[in-house]
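So you can see what is in the structure, the chains are spelled out below.
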Amino acid sequence: MTKRIGLFLLFIITASCEYNNRGIECYHGTVIMSSCCTGSSFIDIDSTVPLGKKTTLNGKEYANVIQVPGYLSNGTIYINLRPYDPSKDQGLFPPIQCYCLVAIGMDVPIFVNTGFSYSSCPSGH
């Protein structure tokens, strides 16, 4: 009888935990473009969780594109991300360093890069 009560209490405690604030996550993707006009990089995330937005760039379609402040090298990337907070994170965008006749950018969700690697998930995840 005490085992049943113990298991029931363990179940209640476990069921009451909330997992809605998962914090930083590591994702695999491809940097498709960095733009000095926006001060950011655009990444097509390989994920079953749709973080980004379906987008077409230069005639090529991408399924899950996000934007991160700063410049990253094109190609495969493993990146730790957290949600973007406009009130705190606006300063993460570098100053515009080029003359832009036409602003190249995409209307996609913004995330903050908290670590990246070109070979595997960065430590801290």
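As shown above, the structure is provided for reference.
So, here's what we can say about the structure.

Thresholds applied
Residues numbered from 1 in each chain as written. Predicted model: local features only at pLDDT ≥ 70, side-chain atom pairs only at ≥ 80, totals over all residues. Heavy atoms only, no water. Helix = DSSP H or I, 4+ residues; strand = E, 2+ residues; numbered from the N terminus. Buried < 20%, exposed > 50% of the residue type's maximum accessible area, 1.4 Å probe, protein only. Contact = heavy atoms within 4.5 Å. Polar contact = N/O pair within 3.5 Å; in protein donor to acceptor, adjacent residues only side chain to side chain. Disulfide = S-S within 2.5 Å.

Observations regarding unusual backbone geometry
Link 1 in the chain: A positive phi angle, close to 50 degrees, is found at asparagine 58, a residue other than glycine.
Link 2 in the chain: By the secondary structure assignment, asparagine 58 is in the loop between β3 (53-57) and β4 (60-69).

With respect to the environment of lysine 54
Link 1 in the chain: In this fold, lysine 54 is placed in strand β3.
Link 2 in the chain: In this structure lysine 54 comes out as exposed when scored by relative accessible area, which is 59%.
Link 3 in the chain: Distance from lysine 54 to aspartate 44, taken between C-alpha atoms, is 9.1 Å for residues 10 residues apart in sequence.
Link 4 in the chain: Those residues within four positions of lysine 54 in sequence are excluded, and the remaining contacts are Glu61, Tyr62 and Ala63.
Link 5 in the chain: Among the polar contacts made by the side chain of lysine 54, one reaches the side chain of glutamate 61 at a distance of 3.4 Å.

Brief notes about the state of the cysteines
Link 1 in the chain: For the structure shown, the criterion picks out 1 disulfide.
Link 2 in the chain: Two residues, cysteine 26 and cysteine 121, share a disulfide whose sulfurs are 2.0 Å apart. Between cysteine 26 and cysteine 121, the S-S torsion sits near -100 degrees, and that sign places the bridge as left-handed. Here the residue cysteine 26 occupies a position in strand β1 (residues 25-35), and cysteine 121 occupies one in the segment after β6 (111-117), the gap between them amounting to 95 residues.
Link 3 in the chain: By relative accessible area, cysteine 26 is classed as buried at 14%.
Link 4 in the chain: Given the relative accessible area of 39%, cysteine 121 is considered partly exposed.

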